[in-house]
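Per-entry structural report
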Amino acid sequence: MIRVAVVDDQALMRAGFRALLDAEDGIEVVGEAADGEAGVALVRARLPDVALIDVQMPVMTGIEATRRIAADPALAAVRVVILTNYGLDEYVFEALRAGASGFLLKDTDPADLLQAIGIVAGGEALLSPSITRTLIGEFVSRPPDRATATGLEHLTRREREVTALAARGLTNEEIAAHMVISPFTAKTHISRAMTKLGARDRAQLVVFAYESGLVTARAPQPGRSAPGREAEPPPVGRTSSRGR
């Protein structure tokens, strides 16, 4: 059973999410909150597997609520999915930096939302296809961040390589095949890189890879795909972290 908390300042949105989730076998809504501060309190009290949090709310924003949840060791198992009506760049970056495991637009198809909850509850990172395109497009125009780049010094050559491949969208199995190592070894390198960089999950590891300049975003060439992936993002924009 996946336990879900819903945090949104619009009562109609909360009611809609509850109705959708309660009708799904294997999902239980453990509570609702109408602002970020109440949302943090709800998460601390009910310890959901996934918290759906609106980005813009009174009292405390969803991003600040996410930051507090991610900073609390007692809530380490809670995964946050940020919900918004807007695909604005600054929200994408701030949400991921704050510790969100995913980011979806509120007009996401109900079936995709349900799939997203399952993906995030399973420990994987999630970005909707439109947000993924926005994220990569923004990194194309940004120079590497020198402060972030210093973190590369703490990674071994192998850890840098797997981090770069993860940022390209490869799964642990695909990374293993590319590097001619076992999936377990690929998973170990990913886990060590996350620990050294203080990344809460794979989504933050991907952000680090682009911000540091380890991976340089580029527009896809016609008829060509990134290594091991299709040119178009998969449904729900899954960034896999199987086994992590």
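Computed from a prediction, not measured in an experiment: that's the story for all the values here. (Residues numbered from 1 in each chain as written. Predicted model: local features only at pLDDT ≥ 70, side-chain atom pairs only at ≥ 80, totals over all residues. Heavy atoms only, no water.)

Further remarks concern the overall build of the chain. Within the chain, the regular secondary structure consists of eleven helices and seven strands. When each of the 244 residues of the chain is scored for burial, the buried share is 48%. Pairs at least 24 apart in sequence give 70% of the contacts found in the chain among residues at least 6 apart. When the accessible surface of the chain is summed, it comes to about 11,300 Å², and 53% of that surface belongs to carbon and sulfur atoms. (Helix = DSSP H or I, 4+ residues; strand = E, 2+ residues; numbered from the N terminus. Buried < 20%, exposed > 50% of the residue type's maximum accessible area, 1.4 Å probe, protein only. Contact = heavy atoms within 4.5 Å. Areas by Shrake-Rupley, 256 points an atom, 1.4 Å probe, with all protein chains shown as cover.)

In terms of nonpolar packing, the biggest core is built from 24 residues, with Val43, Ala51, Ile53, Ile69, Val78, Val80 and Ile82 touching the most fellow members. Elements that contribute at least two residues to this core include exactly strand S1 (2-7), strand S2 (27-33), helix H2 (36-46), strand S3 (50-54), helix H3 (62-71), strand S4 (79-84) and helix H4 (89-98). When sequence neighbours within four positions are dropped, the list of residues in contact with alanine 51 reads Ala5, Val43, Val78, Arg79, Val80 and Val81. (Core = buried A, V, L, I, M, F, W, Y, C linked by side-chain atoms within 4.5 Å.)

Assignment of secondary structure puts leucine 96 in helix H4. Residue class for leucine 96 comes out buried when judged on its relative accessible area of 1%. As a C-alpha pair, leucine 96 and alanine 203 span 107 residues in sequence and 6.7 Å in three-dimensional space.

A rise of 1.5 Å per residue sets the reference length of helix H5 (residues 110-121), with its twelve residues, at 16 Å; its end C-alpha atoms lie 17 Å apart and thus fit the reference within 8%. All of the buried residues in H5 are Leu113, Leu114, Ala116, Ile117, Ile119 and Val120. Note on H5: the residue one or two positions beyond its end, glycine 123, has a positive phi of about 95°. (Expected span 1.5 Å × (residues − 1).)

Checked against the element boundaries, aspartate 25 lands in the loop between helix H1 (11-22) and S2. Expressed as a C-alpha distance, the spacing of aspartate 25 and isoleucine 2, which sit 23 residues apart in the sequence, is 9.4 Å.

All right, on to the confidence of the model for the chain then. Scored by pLDDT, the chain has a mean of 78; 75% of the residues are at 70 or more. By mean pLDDT, the top-scoring element of the chain is H2 (97), and the lowest-scoring one is strand S7 (residues 238-239) (44). Of the regions scoring below 50 in pLDDT, residues 219-243 engages in 50 contacts with residues more than four places distant in sequence or in other chains. (pLDDT = per-residue confidence, 0-100.)

This paragraph deals with the pattern of salt bridges. On inspection of all chains with the given rule, the structure shows eleven salt bridges. Between arginine 68 and glutamate 64 there is a salt bridge; the shortest N-O distance is 3.0 Å. Of the two residues, arginine 68 and glutamate 64 are both situated in helix H3; the distance of four residues between them amounts to about one turn of the helix. Take arginine 68: its relative accessible area is 39%, and that puts it in the partly exposed class. Here the salt bridges share partners, and the residues they tie into one network are Arg14, Arg18, Asp22 and Glu32. (Salt bridge = Lys/Arg side-chain N within 4 Å of Asp/Glu carboxyl O.)

Turning our eyes to something else, we now look at the packing of helix H8 (residues 157-167) against helix H10 (residues 183-197). Between H8 and H10, whose axes approach to 9 Å, the crossing angle comes to 95°. With respect to each other, H8 and H10 are oriented roughly perpendicular. Contact with H8, carried on its side by Arg158, Glu159, Val162, Thr163 and Ala166, involves His189, Ile190, Arg192, Ala193 and Lys196 of H10 and no other residues of that element. For the contact of H8 with H10, the class distribution of residues is four nonpolar, two polar and four charged. (Axes fitted to C-alpha atoms, helices over the stretch in contact; angles between N-to-C directions. Parallel < 35°, antiparallel > 145°, perpendicular 65-115°, else oblique. Nonpolar A, V, L, I, M, F, W, Y, C, P; charged D, E, K, R; others polar.)

The subject of this paragraph is unusual backbone geometry. The residue valine 59 is not glycine, and still its phi comes out positive at about 70°. The residue valine 59 is located in the loop between S3 and H3 in this model. In this structure valine 59 comes out as exposed when scored by relative accessible area, which is 64%. Its identity is not glycine, yet valine 180 carries a phi of approximately 60°, on the positive side. With respect to the secondary-structure elements, valine 180 resides in the loop between helix H9 (172-179) and H10.

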